[in-house]
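# Observations on chain architecture
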Number of protein chains: 2
Amino acid sequence: MARHPASVNLVAVTSRVGAEARRARNKHAGGVLWLTGLPGAGKTTLALGLEQRLFEAGCQTYVLDGDNIRGGLSSDLGFGPADRNENIRRVGEVAALFADAGLIVITAFISPYRADRATARRAGGPAFHEIYVKAPLQVCEARDPKGHYRLARTGQLAEFTGVGAPYEAPEAPELTVETDMLSVEECLARLMEFVRARLIRA
Amino acid sequence: MARHPASVNLVAVTSRVGAEARRARNKHAGGVLWLTGLPGAGKTTLALGLEQRLFEAGCQTYVLDGDNIRGGLSSDLGFGPADRNENIRRVGEVAALFADAGLIVITAFISPYRADRATARRAGGPAFHEIYVKAPLQVCEARDPKGHYRLARTGQLAEFTGVGAPYEAPEAPELTVETDMLSVEECLARLMEFVRARLIRA
């Protein structure tokens, strides 16, 4: 039964399943949809809604957000500036892996700094698409879905984006959805049209 | 055109696409196939071969290995003990995310320490399967596909697993493939049978 010790290497498969094969199988390209915006702008709502729509349309899709990143991959990180940078760096790298695996991965993180989003863009390469989930601060603050704005205004939450820390708006996002002007359905329709044009029909 | 500021939250989609929906779509469960073994045991060969077979069988699959992790997600880490632990921890978390997304993800890392593999198992939960890619040290050293054993023996590579650092063999792996006893084809057949039983037919 024993084989030549080096037999494993003699017939080594050295190539991975490539992007084209995955694309042909899935009938869409892999890609990163990087949602950025103020707290309360609607990132999570749109991410989960878009995942649902894409799944129903037959796509391979997944959402990365605080819920599945902060308790696991980034559980060693806090919320100070350096740790927030590192968190976004890691999400950018993981999103790039998902896109390489052929999925349409949607990320939902405030990601307030241009430099951090540029890092994520470098990791994702041409698969990366920045989507600005845009709403005025006063609208986001009125929504205050998690009560964080109230805490920030009363000094109980330091360095909260939009109050004690800046949000650097995207300068040239691939898409902007204005959640104070459009309904959720309208936002999702714009997002689906974008994905169809860039990752499905393309 | 303007809507009530809180409209996004009024119709929020709060549920993710679940494991059962993904499984029904893909016709297999998501899972982590965690390959562990000495350098030169055949982990990469089997990982890439298995990815190919699974893809041809219609599965959603992806390989995580040094090639796509060390230059990206773990580019901030070195090869000292603490950094190697952290690298394996991150791979365990990323693998768990891929399994949650419905993929059969194959990891190919030496991962020499039981404690680190236990951490990866906790991250993956029931989706985690430890696969011992087993070959005697002298066989792996004779293969020496990357020339690392030679460097380690001549003192040019410190803490190389099997020479200057220990390999802690799995005590209860879900599967063992003995790459010195079986051909690559035979190993892949065993792996495919395992995946069919645990993730496809199950």
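Everything that follows concerns the structure shown earlier in this document.
The notes below deal with the structure included here. (Residues numbered from 1 in each chain as written. Chains lettered and ligands numbered in written order. Predicted model: local features only at pLDDT ≥ 70, side-chain atom pairs only at ≥ 80, totals over all residues. Heavy atoms only, no water.)

## Concerning the overall build of chain A
When helices and strands are tallied, chain A shows nine helices and five strands. Of the regular secondary structure in chain A, the N- to C-terminal order runs α-α-β-α-β-α-α-β-α-β-α-α-β-α. In terms of its C-alpha atoms, chain A occupies a principal-axis envelope of roughly 75 × 40 × 30 Å. Out of the 202 residues in chain A, the part that is buried amounts to 53%. Put simply, 74% of the contacts in chain A that link residues at least 6 apart link residues at least 24 apart. Surface accessibility of chain A: about 8500 Å² in total, with carbon and sulfur atoms responsible for 54%. For chain A, the separation between the mean place of its 25 positive charges and that of its 23 negative charges on side chains is 5 Å. (Helix = DSSP H or I, 4+ residues; strand = E, 2+ residues; numbered from the N terminus. Buried < 20%, exposed > 50% of the residue type's maximum accessible area, 1.4 Å probe, protein only. Contact = heavy atoms within 4.5 Å. Areas by Shrake-Rupley, 256 points an atom, 1.4 Å probe, with all protein chains shown as cover. Lys, Arg positive; Asp, Glu negative; His and termini not counted. Charge placed at Lys NZ, Arg CZ, Asp CG, Glu CD.)

## Quick word on the packing of aromatic side chains
A full pass over the atoms with the stated rule returns nine aromatic pairs over all chains. Seen from their ring centres, A:Phe98 and B:Phe98 are 3.9 Å apart, and the 0° between their planes marks the pair as stacked. Taken as a pair, A:Phe98 in helix H5 (residues 81-100) and B:Phe98 in helix H5 (residues 81-100) lie in two separate chains rather than in one. Per residue, the accessibility class of A:Phe98 equals that of B:Phe98, and both read buried. Ring geometry for A:Tyr149 and A:Phe160: centres 5.0 Å apart, planes at 85°, overall edge-to-face. With A:Tyr149 in helix H8 (residues 148-153) and A:Phe160 in the loop between H8 and strand S5 (175-178), this residue pair connects regions lying 11 residues apart in the sequence. Pairwise contacts between aromatic rings join A:Tyr62, A:Phe98, B:Tyr62 and B:Phe98 into one cluster. Sitting over the ring of B:Phe55, A:Arg25 keeps its end group 4.0 Å from the ring centre. (Phe/Tyr/Trp six-rings, centres within 6.5 Å; stacked < 30°, edge-to-face > 60°. Lys NZ or Arg CZ within 6 Å of the ring centre and 35° of its normal.)

## Considering the interface of chain A and chain B
It is common to report an interface's size as the accessible area lost on association of the parts. In this assembly, 62 residues from chain A lie in contact with 62 residues from chain B. Between chain A and chain B, the buried area comes to about 5300 Å², and carbon and sulfur atoms account for 56% of it. Viewed at the interface, chain B and chain A are joined by 10 salt bridges. Seen at the junction of chain A and chain B, the total is 21 residue pairs in polar contact (both at pLDDT 80 or more). At the level of secondary structure, the elements contributing two or more residues to the side of chain A that touches chain B comprise helix H1 (7-10), helix H2 (19-26), helix H3 (43-56), strand S2 (61-65), helix H4 (66-69), H5, helix H7 (137-143) and helix H9 (184-200) of chain A. In terms of residue class, the side of chain A that touches chain B is made up of 28 nonpolar, 17 polar and 17 charged. (Buried area = accessible area lost by both parts, 1.4 Å probe. Salt bridge = Lys/Arg side-chain N within 4 Å of Asp/Glu carboxyl O. Polar contact = N/O pair within 3.5 Å; in protein donor to acceptor, adjacent residues only side chain to side chain. Nonpolar A, V, L, I, M, F, W, Y, C, P; charged D, E, K, R; others polar.)

## Focus on the relation of the copies chain A and chain B
For the match of chain A to chain B, the screw axis carries a shift of 0.0 Å, the RMSD comes to 0.0 Å, and the turn is 180°. As the rotation angle and translation indicate, the two copies are arranged about a two-fold axis. Rotation axis and chain A: the residue whose C-alpha lies nearest the axis is A:Val94, separated from it by 3.6 Å. Both copies present the same face, since 100% of the interface residues in chain A are matched by interface residues at the equivalent positions in chain B. (Least-squares fit on C-alpha atoms with pLDDT ≥ 70 in both.)

## Considerations on H3(A)
Residues and elements named next belong to chain A. Here H3 is 14 residues long and its end C-alpha atoms lie 20 Å apart, about the 20 Å a rise of 1.5 Å per residue gives. Of all 14 residues in H3, 10 are buried; the element is thus mostly enclosed. Of the residues making up H3, those classed as buried are Lys43, Thr45, Leu46, Ala47, Leu48, Gly49, Leu50, Glu51, Leu54 and Phe55. At the C-terminal side of H3, Gly58 shows a positive phi close to 95°. (Expected span 1.5 Å × (residues − 1).)

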